[in-house]
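# Observations on the three-dimensional arrangement
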Amino acid sequence: MPHSVPAAPAPAVAPDALLVEVAWEVCNQVGGIYTVIRSKVPATMQDWGDRYCLLGPYFAQQAQSEFEPYTEEQLAECTDPFAGAVRAMRAQGYEVQLGIWLITGRPRVVLIDPFQLYPRLDELKSNLWEHHHIPVPAADDLLHQVVAFGELTKTFLAILAAEVVPPQRLVAHFHEWMTGVAIPALRREQVPAHLVFTTHATLLGRYLAMNDPNFYDHLMQVEWQAEARHFNIEPAVTMERAAAHGAHVFTTVSELTVRECIYLLDRIPDAVLPNGLNIERFVALHEFQNLHQQYKTKIHEFVMAHFFQSYSFELDKTLYLFTSGRYEYHNKGFDLTLEALARLNYRLQQSGLEINVVMFFITKRPFHSINPQVLQSRAVLEEVRETCEAIERQVGERLFYAAAASDDNRLPDLSTMVDDYWRLRYRRTLQSWKTKALPPVITHNLIDDQDDDILNFLRRSNLVNNQHDRVKIVYHPDFVSPASPLFGMEYGQFVRGCHLGIFPSYYEPWGYTPLECVARGVPAITSDLSGFGDYVMQHVPKHEDQGIFVVERQEKSFEEAAEQLTDMLWEFVQLNRRERIMQRNNVESSAEMFDWKNLRVYYDHAYQLALERG
Ligand code: G6P
Ligand code: 1S3
């Protein structure tokens, strides 16, 4: 049975309130915040409907595919305050667009081009310094866009607030420092809006975690300004701090990030807003299991092309494991995953268990091209398939004729039914395909092959796809997409085709990747240093029975965590098919507790608090 969400029932958020959610990733996919905003829309619209609007920067190329602007007539006819504010802002000479974000829920969005304020950058930057002590250097384009967009956001909200007729009130919710820079100015100018600021990861926390192996032990002693200067991120960190301090309600995404906020931003968050997904479940349970089988078959095709050129193994006894995410070797726990895989390889070799594991690393690294050998192998395997299909057709037709014409009912020798042409072509194609070289551990030619941490680990530990290795590696330094000639599928389809996702992060404010597995009925490993894992530990009793496994890294050494992860993998590979199917059923049924329909309540609590405070 799915667990219920451990939150109090949603308070009725003031029905007279308007809500504007401001994020850099509205109609502009950069990373995890896009997923938060986009997936939350249907649940938010359900309650806020016409009282809800999103606000983001206008970047023509990104907006092109996701944004449908209102025509002049539509804008003129619209009677709500958002349209009123857009018209008023246009009347002041600004370029600002109102339209629909073409995603599930079809919310209204206002997009504003930051570049229009570039002529005023000097003035805006000197105001930021004078009023809020935020330094902005001369040549940093992202900071310039942020500063310009901050000013435009402030202008829009000030106009909108003026349109709001009491008792109607305005809540503005800002995500991340890039939009939060508007907050101090809104407070200074006493714009009557109730301000919520959410940080999804502190900037300094991310840098420190990447560079200090004992980040969590040292967190309490960090001198934020000295460290921010050290990493050359003082302006952005100052903006983040100003937003955190200026908001009526300050929030973050997990208990783990709360600690960072306290020590690096010097404000205790008022609330934690965990991330959810828009969980869409099939009416028939077997439907998602069928999809697993369907996409696993596509992964089989990749695996045959990649490995069988050198040697073969039984696909029916092969498990597909994967990890994915931004290339942060230590933060994302790639180091721990590799260590555990090497140990698993050894255990499998010793055990006599017949299972093989293929482990995929899906991440993004600069590369020259796909390795031509990998592409070539895929192409030749296609030719093998075509040859087999031609032979199948020929044998089929001849067998049919022979069957009809025969006067006994014995099956004729099928091999006599294949022409020499096809026999020769069959042999030649296979001959040209087979090789003695080992299957490459990486699918692309990296620009920096020598210093790549994943490759260096594989070389050091000789985990290089030897025939006797029971754990094989495929490092794919690019996103999986339907356009990719190797996989030719959506990331979500790839996830469905796999058996287990491995995400034992060292630093992860929330971490969507394991949740994306759970939503598709694929079991996942996370860690107690990821917001999601920490949430699961606290709120989901017996989560292992639901196929969600949490590696303990908070109190444990790397060595201990590696052994625990190895044990988890070892147990997983020993499950039989029936057990895996049952486990997937449990995983899928537990996904519901992470649906925004349940988790949105945390946001509403925060808005209620902002209305009480502002
Ligand atoms: C799904 C399908 C089954 C298939 C199974 C394979 O459950 O509905 O027909 O046998 O997947 O599971 P496995 O864990 O071996 O990939
Ligand atoms: C952040 O994105 P990231 O991958 O840079 O925000 C995400 C959404 O809240 C969160 O899931 C992730 O852990 C953070 O790191």
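On a predicted model such as this, the values are computed, not experimentally measured, just so you know.

### A few points about a negative patch on the surface
Together, Glu383, Glu386, Glu389 and Glu392 make up a negatively charged patch on the protein surface. Its relative accessible area of 34% is what places Glu389 among the partly exposed residues.

### So, helix α13 (residues 255–265)
Along α13, the positions that sit buried rather than exposed are Leu256, Thr257, Val258, Glu260, Cys261, Leu264 and Leu265. In the segment just after α13, Asp266 is the residue with positive phi, at about 60°.

### A closer look at the domain arrangement of the protein
Under the domain assignment, the protein is made up of domain 1 (17–277 + 599–613), domain 2 (285–370 + 440–593) and domain 3 (374–433). For domain 1 and domain 3, the distance between their C-alpha centres works out to 62 Å.

### What to know about the pairing of strand β4 (residues 96–101)
Among the six residues of β4, five are classified as buried, and the element is accordingly described as predominantly covered. In this structure, strand β3 (residues 67–69) lies alongside β4, joined through three bridges in antiparallel fashion. Looking across to β4, one finds that Phe67 is bridged to Trp101. Hairpin connection from β4 to strand β5 (residues 108–112): six residues lie between these consecutive antiparallel strands, with Gly105 at a positive phi of about 105°.

### Quick notes on the sheet that holds strand β14 (residues 471–476)
Taken in spatial order, the six strands line up as β14-β11-β10-β15-β16-β17 in an open sheet, and their pairing is parallel. Among the strands making up the open sheet, the edge pair consists of β14 and β17 (548–551). Pairwise comparison of adjacent strand axes, ignoring direction, gives a mean angle of 25° for this sheet. The pairing of strand β10 (residues 318–324) with strand β15 (residues 500–502) spans two bridges and is parallel. When the sheet's bridge partners are listed, Phe322 is paired in β15 with Gly501.

### Observations concerning the sheet that holds β4
Pairing is mixed in the open sheet, where nine strands are placed in the order β3-β4-β5-β2-β1-β6-β7-β8-β9. Of all strands in the sheet, those with a lone pairing partner are β3 and β9 (271–272), marking the two edges. By the bridge criterion, five bridges tie β4 to β5 in an arrangement that is antiparallel. Across the sheet, the residue bridging to Leu98 is Val110, located in β5. Across the face of the sheet, helix α6 (residues 141–163) comes into contact with β1 (17–22), β2 (52–57), β5 and β6 (169–175) while running at roughly 165° to β6.

### Observations concerning the site of ligand 2
Surrounding ligand 2, one finds 13 residues, the nearest of these being His200, Arg206, Asn275, Arg326 and Glu508. Arg206 places a polar side-chain atom, nitrogen or oxygen, 2.6 Å from an oxygen atom of ligand 2. Trp510 places a main-chain nitrogen or oxygen 2.9 Å from an oxygen atom of ligand 2. Protein burial of ligand 2: of its 350 Å² of free accessible surface, 91% is covered by the chains.

### Thoughts on the packing of helix α16 (residues 372–405) against helix α17 (residues 420–433)
How two helices pack is summed up by the angle between their axes together with the distance between the axes. As a packed pair, α16 and α17 sit with axes 10 Å apart at the nearest point and diverge in direction by 160°. On the basis of the axis angle, α16 is roughly antiparallel to α17. Every pair of crossing elements has a handedness; the one defined by α16 and α17 is left-handed. Within the contact between the two elements, α16 uses Ser377, Val380, Leu381, Glu383, Val384, Thr387, Cys388, Ala390, Ile391 and Gln394 and α17 uses Trp422, Arg425, Tyr426, Thr429, Leu430, Ser432 and Trp433. Considered class by class, the residues forming the contact of α16 with α17 number ten nonpolar, five polar and two charged.

### Comments concerning the site of ligand 1
All residues adjacent to ligand 1 are Gln289, Asn290, His292, Gln293, Lys296, His499, Arg577, Arg580, Ile581 and Arg584. In the environment of ligand 1, an oxygen atom lies 2.9 Å from a nitrogen or oxygen atom belonging to the side chain of Arg584. Those elements giving two or more residues to the shell around ligand 1 turn out to be α14 (286–307) and α23 (577–590). In terms of residues, the shell around ligand 1 owes the most to one element, α14, which gives five residues. Its residues placed into classes, the shell around ligand 1 shows one nonpolar, five polar and four charged.

### A word on the environment of Ala244
If you trace the backbone, Ala244 turns up in helix α12 (residues 234–246). Assessed through its relative accessible area of 0%, Ala244 is described here as buried. For Ala244 and Trp177, which are 67 residues apart along the polypeptide, the C-alpha to C-alpha distance reads 8.6 Å. In contact with Ala244, not counting residues within four places along its chain, are Phe197, Phe250, Leu265 and Arg267.

### A word on the side chain of Gln145
Secondary-structure assignment places Gln145 in helix α6. The residues contacting Gln145, other than those within four sequence positions of it, are Trp24, Phe59, Pro114, Phe115 and Tyr118.

### Quick look at the pairing of β17
Neither face of β17 is left uncovered, since the one carrying Ile548 and Val550 and the one carrying Phe549 and Val551 both have all their residues buried. With four bridges joining them, strand β16 (residues 524–527) and β17 adopt parallel strand pairing. Residue pairing in the sheet places Thr526 in a bridge with Val550 of β17. For the handedness criterion, the β-α-β arrangement of β16, helix α21 (residues 531–539) and β17 is classed as right-handed.

### So, helix α18 (residues 453–460)
By the burial criterion, the buried members of α18 are Ile454, Leu455, Phe457 and Leu458. Down the axis, α18 shows its buried residues gathered within 160° of arc, on one side only. Its buried side turned inward, α18 meets α15 (334–351), β11 (356–362), β13 (444–446) and β14. Measuring from the side-chain oxygen of the N-cap residue of α18 to the backbone nitrogen of Ile454 gives 3.1 Å; that N-cap residue is Asp452.

### Structural notes on the side chain of Asn28
Topologically, Asn28 is positioned in the loop between β1 and α1 (32–48). For Asn28, a relative accessible area of 3% gives the class buried. Separated by 3.4 Å, the side chains of Asn28 and Gln62 make a polar contact. Not counting chain neighbours up to four residues away, the residues in contact with Asn28 comprise Tyr34, Phe59 and Gln62.

Rules used throughout
- Residues numbered from 1 in each chain as written.
- Chains lettered and ligands numbered in written order.
- Predicted model: local features only at pLDDT ≥ 70, side-chain atom pairs only at ≥ 80, totals over all residues.
- Heavy atoms only, no water.
- Patch = residues over 30% accessible without salt bridge, like charges linked within 9 Å, V, L, I, M, F, W, Y side chains within 5 Å.
- Areas by Shrake-Rupley, 256 points an atom, 1.4 Å probe, with all protein chains shown as cover.
- Salt bridge = Lys/Arg side-chain N within 4 Å of Asp/Glu carboxyl O.
- Lys, Arg positive; Asp, Glu negative; His and termini not counted.
- Charge placed at Lys NZ, Arg CZ, Asp CG, Glu CD.
- Buried < 20%, exposed > 50% of the residue type's maximum accessible area, 1.4 Å probe, protein only.
- Helix = DSSP H or I, 4+ residues; strand = E, 2+ residues; numbered from the N terminus.
- Domains from an automatic or database assignment.
- Pairing = 2+ DSSP bridges.
- Axes fitted to C-alpha atoms, helices over the stretch in contact; angles between N-to-C directions.
- Contact = heavy atoms within 4.5 Å.
- Near = heavy atom within 4 Å.
- Polar contact = N/O pair within 3.5 Å; in protein donor to acceptor, adjacent residues only side chain to side chain.
- Parallel < 35°, antiparallel > 145°, perpendicular 65-115°, else oblique.
- Left-handed = near helix turned anticlockwise from the far one by under 90°.
- Nonpolar A, V, L, I, M, F, W, Y, C, P; charged D, E, K, R; others polar.
- Right-handed = clockwise from strand over helix to strand, strands pointing away.
- Arc of directions from axis to C-beta.

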